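Here is how the chains run, residue by residue.
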Amino acid sequence: MNNLLVLPFLLPVLTAVICCLFVGRPGVGRRVFIAISATVQCALAFYLAVRAFHEPPLVLLMGGWAPPLGVVLVVDGLAAIMLCLSTVVALACILFSYAEIPVWAEQPLRLPLMQLLVAGINLSFLTGDLFNLFVAFEIMLVASYALLTLEANDRHIKEAFPYLAVNMFGSALFLVAAGLAYSVFGTLNLADISRRAEAMQGDFGVMVVAVLLVVVFGIKAGVFPLYYWLPNSYPILPFSLGAFYSGMLTKVGIYVLLRTFGTVFPHNLTPLYTALAWLAGLTMVLAVLGAVSRNFIRGILSFHIVSQIGYMILAIGFFTPLAIAACIFYVIHHIIVKSSLFLIGGTAMFYNRTDNLARMGGLLKASPILATCFILQAFSLAGVPPLSGFWGKYAIILVGLQEHRYWLVVAALVASVLTLVSMLKIWMGAFWQKLPADGTADPEAPAAARTMTAIVCALTLISLAIGFGAEFFFGIAQTAATSLLDPAQYREAVFSLTGKGGQ
Amino acid sequence: MKATTDSFLVRALIGLVFLLVNIVSVYLLLRGHNLPGGGFIGGLMTGMSFILLGLVRGWEELQRELPVPPLRLASFGLLLAMITGTAPMLFGRQFLTQYQLHLDYVPLIGEVHIGTPLLFDVGVFLLVSCITVKLVIVLARSTSGLPAFTPGEVPYYASELEGPIEETANEEDRHAN
């Protein structure tokens, strides 16, 4: 019995409830409590990861009901990796937000909502049931709607509207898809769907459900025709929340795509893979052009999220074991790098009182450590060897060459170069150039900025470790990919347990 | 704010309607384990009954008469549901494991079948009904020209830095492109 599996969901919910019920006002005690809770969640995720990599997938039957009837939680390699990433990024962002805002000015609902967001994200990694996945998405999205507009002014709320509208549309479509899946397969348990889908290969219904789910998860991940909601809504968030959103939310879409293609559906949906690969090519090139066109840090970074999503989707589109491993490695690299870049932007804004590049400057002199972190992470995002981004891109492009998809390889390379260009734009604007006459700067670095820089440094170190320890991390990604692409092992783990109402 | 309707009949009847709707909603809550119904639907019905009450008597009066802040009660409901789910874990059973009690004969009622899922459902009931009430009160207050939160609530919902949203509308935007 693995009751521990429910804790990555339960702990954040309990933390949020306790905050709402007993400590309604922000204070130092509450901050310490939430930080401890986030640390415990982090430790738990790593413990689960160690177990998941040494044992077959861990399964919990909720309420003791046997699989096709009851809801199951499953942790395999990929889910464990994602849990670790989400809890680490959440911890970093929570600590950063402590430095970002003084206690008296903190929004009382911000941290409880953030915990609910973490709970929704974790549940969507844990669950082994399609409808439960919908519930997890809803918890995550409702919390994210609230957080997005919590500290926004009128103008910002207008930017948040597309986010709300597109995601509500996506949720409605997801519900339709889940209903259709139930009518086609007669079950919503992912392992059971995988068993039945294998038996009805070539059936039109399987394809329809798969296409619907791809559209839904494509919306969540921000793939080409459906990414409109993302790049304008993320910049309205404060940096600490923006870092968490940019790191985790779209990657939930990627995780679910990997899960459905790898474990749930039979591996012969070739037209769908091809379509995904081409959409991915368009996504990365068009979004990176958007990034080049922006002139404030949050805007540039938000477009980059979409562009980077393109690489992961491209890897899924190639759909070879190496490509899936590359995708998982890319997710590991991307979440850390992207969040830390957002946090670097937040620290830079703390120095300059703005993140508009035209009015920033002088940060290289003001904080050389921050500048070093930024240049490392920016090169890593662009894919300069030997940093972490290089290995992911290298593997994806290698697969592209093996599969003779040369145009897509060209698109990936062009997007990389343009990524570097837009990153250098931030470098020139914020770090290299002198402070313009109408800019403001905090002459002395307050204690808060030191804390922020320390958090950013920690994330940069993790990222460097991923780059230099690429062999180890790629090994992990390959193990996760192997077990992801082996539905038999997943089914075996789920159905080997007996519970009430078993067949 | 004055009541939104001055009809004597409506005001006289609203108490009765409120009672009837809540009897049905509690009935739905109790039968929910084995039959259509449950905490969610019951909670929505109770929420609706409060909307009726607010429409007739006015939102400020309704808010004054609520014995507990709705969001606290909603959090309590969520906590109750979570505890019902977690308690079996202490005895080494799976999360959400349920325990039933079947009584063949209870005076006046007859056969009774209750279990821990009922507690869970009560938690959901509190959560849903209170969230509905809170949402509708905030919306109704802002559409009738009142500030969304009473002065006593503001510290629990807003940061010290925030002003009412209308006042920041003309502020120059940092990121105007």
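Definitions and cut-offs
- Residues numbered from 1 in each chain as written.
- Chains lettered and ligands numbered in written order.
- Predicted model: local features only at pLDDT ≥ 70, side-chain atom pairs only at ≥ 80, totals over all residues.
- Helix = DSSP H or I, 4+ residues; strand = E, 2+ residues; numbered from the N terminus.
- Rg over C-alpha atoms; globule rule 2.2 N^0.38 Å.
- Buried ≥ 20, exposed ≤ 12 C-beta atoms within 10 Å, placed from the backbone.
- Contact = placed C-beta atoms within 7 Å.
- Pairing = 2+ DSSP bridges.
- Nonpolar A, V, L, I, M, F, W, Y, C, P; charged D, E, K, R; others polar.
- Expected span 1.5 Å × (residues − 1).
- Arc of directions from axis to C-beta.
- Axes fitted to C-alpha atoms, helices over the stretch in contact; angles between N-to-C directions.
- Parallel < 35°, antiparallel > 145°, perpendicular 65-115°, else oblique.
- Core = buried A, V, L, I, M, F, W, Y, C linked by C-beta atoms within 7 Å.
- pLDDT = per-residue confidence, 0-100.

Some words on the overall build of chain A
For step 1, the next point in the chain: Each helix and strand counted, chain A has 20 helices and two strands in total.
For step 2, the next point in the chain: Relative to the 2.2 N^0.38 estimate, which gives 23 Å for 503 residues, the radius of gyration of chain A is 22 Å and therefore close to what a compact globule would have.
For step 3, the next point in the chain: For chain A, buried positions account for 61% of its 503 residues.
For step 4, the next point in the chain: Within chain A, counting contacts between residues at least 6 apart in sequence, those at least 24 apart form 82% of the total.

Quick word on the overall build of chain B
For step 1, the next point in the chain: When its secondary structure is counted, chain B shows six helices and two strands.
For step 2, the next point in the chain: Scanning chain B from its N terminus toward the C terminus, one meets helices and strands in the order α-α-α-α-β-β-α-α.
For step 3, the next point in the chain: Counting across all 177 residues of chain B, residues that qualify as buried make up 27%.
For step 4, the next point in the chain: The contacts in chain B between residues at least 6 apart in sequence include a share of 67% that link residues at least 24 apart.

As for the pairing of strand β2 (residues 72-75) of chain A
All names here are of chain A.
For step 1, the next point in the chain: In β2, alternate side chains face the same way, and those of V72 and V74 on one face and L73 and V75 on the other are all buried.
For step 2, the next point in the chain: With four bridges connecting them, strand β1 (residues 58-61) and β2 associate as antiparallel partners. Across the sheet, the residue bridging to L60 is L73, located in β2.

Quick look at the interface of chain A and chain B
For step 1, the next point in the chain: Residue-level contacts link 31 residues of chain A with 28 residues of chain B.
For step 2, the next point in the chain: Elements supplying a minimum of two residues to the side of chain A that touches chain B: α1 (7-22), β1 and α6 (154-185) of chain A.
For step 3, the next point in the chain: When residues in the side of chain A that touches chain B are grouped by element, the largest group, six residues, is from α1 of chain A.
For step 4, the next point in the chain: Residues that form the side of chain A that touches chain B fall into these classes: 17 nonpolar, nine polar and five charged.

Brief notes about unusual backbone geometry
Residues and elements named next belong to chain A.
For step 1, the next point in the chain: Looking along the chain, the bond that leaves P385 and enters P386 is cis, with omega of 0°.
For step 2, the next point in the chain: Locating P386 in the fold gives a position in the loop between α15 (368-382) and α16 (388-402).
For step 3, the next point in the chain: In this structure, F319 takes a positive phi of about 50° despite not being glycine.
For step 4, the next point in the chain: Note on placement: F319 falls in the loop between α12 (297-318) and α13 (321-352).
For step 5, the next point in the chain: The exposure class of F319 is buried, given the 22 C-beta atoms found within 10 Å.

So, α15 of chain A
Residues and elements named next belong to chain A.
For step 1, the next point in the chain: In this model, α15 (15 residues) spans 21 Å end to end at C-alpha, consistent with the 21 Å of a helix rising 1.5 Å per residue.
For step 2, the next point in the chain: Burial in α15 covers these residues: L370, C373, F374, L376, Q377, A378, F379, S380, L381 and A382.
For step 3, the next point in the chain: Contacts made by the buried residues of α15 are with α12, α13, α14 (363-366), α16, α17 (406-432) and α18 (447-468).
For step 4, the next point in the chain: G383 lies just past α15 and shows a positive phi near 95°.

Here we look at the environment of L212 of chain A
Residue and element names in this part refer to chain A.
For step 1, the next point in the chain: Residue placement: L212 occurs in helix α8 (residues 204-221).
For step 2, the next point in the chain: On the basis of neighbour counts, which here come to 17 C-beta atoms within 10 Å, the residue L212 falls in the partly exposed class.
For step 3, the next point in the chain: A C-alpha to C-alpha distance of 8.6 Å links L212 and V176, two positions 36 residues apart in sequence.
For step 4, the next point in the chain: Apart from residues lying up to four places away in sequence, L212 is in contact with L173, V176, A177 and L180.

Here we look at α18 of chain A
All names here are of chain A.
For step 1, the next point in the chain: Its 22 residues place the ends of α18 31 Å apart at the C-alpha level, agreeing with the 32 Å of an ideal helix rising 1.5 Å per residue.
For step 2, the next point in the chain: Those residues of α18 that sit buried are M452, T453, I455, V456, L459, T460, S463, I466 and G467. All buried residues of α18 lie within an arc of 160° about the axis, which places them on one face of the element.
For step 3, the next point in the chain: If you follow the buried residues of α18, they end up packed against α3 (77-100), α13, α15, α16 and α19 (470-484).

Overview of the environment of I139 of chain A
For step 1, the next point in the chain: Here I139 of chain A shows up in helix α5 (residues 130-150).
For step 2, the next point in the chain: In this structure I139 of chain A touches L116, A119, G120 and L123 of chain A, once residues within four positions along its chain are discounted.

What about the packing of α1 of chain A against helix α2 (residues 28-54) of chain A?
The description of two packed helices rests on the angle between their axes and on the distance between the axes.
Residues and elements named next belong to chain A.
For step 1, the next point in the chain: Packing of α1 against α2 leaves a shortest axis separation of 10 Å and a crossing angle of 175°. Classified by the angle their axes make, α1 and α2 are roughly antiparallel. Seen from α1, the contacting residues are L7, P8, L11, P12, T15 and C19; seen from α2, they are R30, I34, S37, V40, Q41, L44 and A45.
For step 2, the next point in the chain: Class assignment of the residues belonging to the contact of α1 with α2 gives a composition of nine nonpolar, three polar and one charged.

What about the nonpolar core?
Proteins that are soluble and globular tend to have nonpolar side chains buried together.
Residue and element names in this part refer to chain A.
For step 1, the next point in the chain: Judged by nonpolar contacts, the single largest core of 230 residues is most densely connected at I81, A315, C327, I328, F329, L343 and I396.
For step 2, the next point in the chain: Broken down by element, the residue count for this core peaks at 21 residues, all from α13.
For step 3, the next point in the chain: Those residues in contact with A315, other than ones at most four positions away along the chain, are A323, I324, A326, C327, Y330 and I396.

A few points about the confidence of the model for chain B
Residues and elements named next belong to chain B.
For step 1, the next point in the chain: Averaged over all residues, the pLDDT of chain B equals 82, while 87% of them reach at least 70.
For step 2, the next point in the chain: When mean pLDDT is taken per element in chain B, helix α2 (residues 39-57) scores highest with 92 and strand β2 (residues 110-115) scores lowest with 79.
For step 3, the next point in the chain: Contacts for the low-pLDDT stretch residues 165-177, under 50 throughout, to residues beyond four places or in other chains number 14 contacts.
For step 4, the next point in the chain: On the interface metric, ipTM, the complex scores 0.85, and its pTM is 0.92.

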